[in-house]
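A closer look at the structure
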Amino acid sequence: MSIQEGDRIPDITIKTNGPDGPKDISTGELFDRRRVVLFAVPGAFTPGCSNTHMPGFVIKADEILARGVDAIVCMAVNDAFVMDAWQKSQNAENITMLADGSGRLTEALGLTLDLTDGDMGKRCKRFAMIVNDGVVTYLGIDDKGVAASSAGTILDKL
Ligand code: BEZ
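This report concerns the structure included in the present document. (Residues numbered from 1 in each chain as written. Predicted model: local features only at pLDDT ≥ 70, side-chain atom pairs only at ≥ 80, totals over all residues. Heavy atoms only, no water.)

1. A short note on the site of the ligand
- Near the ligand you find Pro42, Thr46, Pro47, Gly48, Cys49, Leu115, Met120 and Arg126, and these make up its full shell.
- The backbone of Gly48 places a nitrogen or oxygen atom 2.7 Å from an oxygen atom of the ligand.
- Notes on the ligand: free accessible area 260 Å², of which the protein chains cover 70%.
- The greatest single-element share of the shell around the ligand, amounting to three residues, is contributed by helix α2 (residues 47-65). (Near = heavy atom within 4 Å. Polar contact = N/O pair within 3.5 Å; in protein donor to acceptor, adjacent residues only side chain to side chain. Areas by Shrake-Rupley, 256 points an atom, 1.4 Å probe, with all protein chains shown as cover. Helix = DSSP H or I, 4+ residues; strand = E, 2+ residues; numbered from the N terminus.)

Set out below in structure tokens:
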């Protein structure tokens, strides 16, 4: 069972990138008393994520932030060094990168994507959510394409 609209984001500590490299961040620090857009991808540097999903958020970041969003956060089951390199390659400085390297937050959200048959292990489904003070108010999950989880859809929902 995955997290639903109306549910609270679970309390988990994972990694983001700071000026001195990877650092711990709790979901409380990220989501409490803020309005946050979180989108997640099956893998940094994969074609769909690099060519479509992430660029949409980079292009529309200012529009999203102008609608009262405090932060746009991108998560993948990758380590913080990979997420840092992907952020730089995408010119995504205005997006906070979350490295859920061991898949703890992904699993707690019930949004694991099993890509073992493709030799990619357990990853995260492609999704986007709007989170108000720790509570999910929109959740769009995509099995194919980005219709429910694109930056454009998020703009429509804000
Ligand atoms: C992608 O291109 O987005 C992708 C590639 C392999 C597995 C999952 C996603």
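2. Brief notes about the environment of Met75
- On the secondary structure map, Met75 appears in strand β4 (residues 71-76).
- Met75 sits in the buried class, given a relative accessible area of 0%.
- C-alpha of Met75 to C-alpha of Ala128: the two residues are 53 residues apart in sequence and 9.8 Å apart in space. (Buried < 20%, exposed > 50% of the residue type's maximum accessible area, 1.4 Å probe, protein only.)

3. Observations regarding the pattern of salt bridges
- All told, the structure shown has three salt bridges when counted by the stated rule.
- Ionic pairing is found between Arg8 and Asp32, a salt bridge with its closest N-O pair at 3.9 Å. Note that Arg8 is positioned in the segment before β1 (13-18) and Asp32 in the loop between α1 (27-31) and β3 (35-40), a separation of 24 residues in sequence.
- The residue Asp84 makes a salt bridge to Lys88 at a minimum N-O spacing of 2.8 Å. Placement of both Asp84 and Lys88 in helix α3 (residues 80-89) is noted, with a separation of four residues, approximately one turn of the helix.
- By relative accessible area, which is 55% here, Lys88 ends up exposed. (Salt bridge = Lys/Arg side-chain N within 4 Å of Asp/Glu carboxyl O.)

These values are about where atoms sit, not about what they do.
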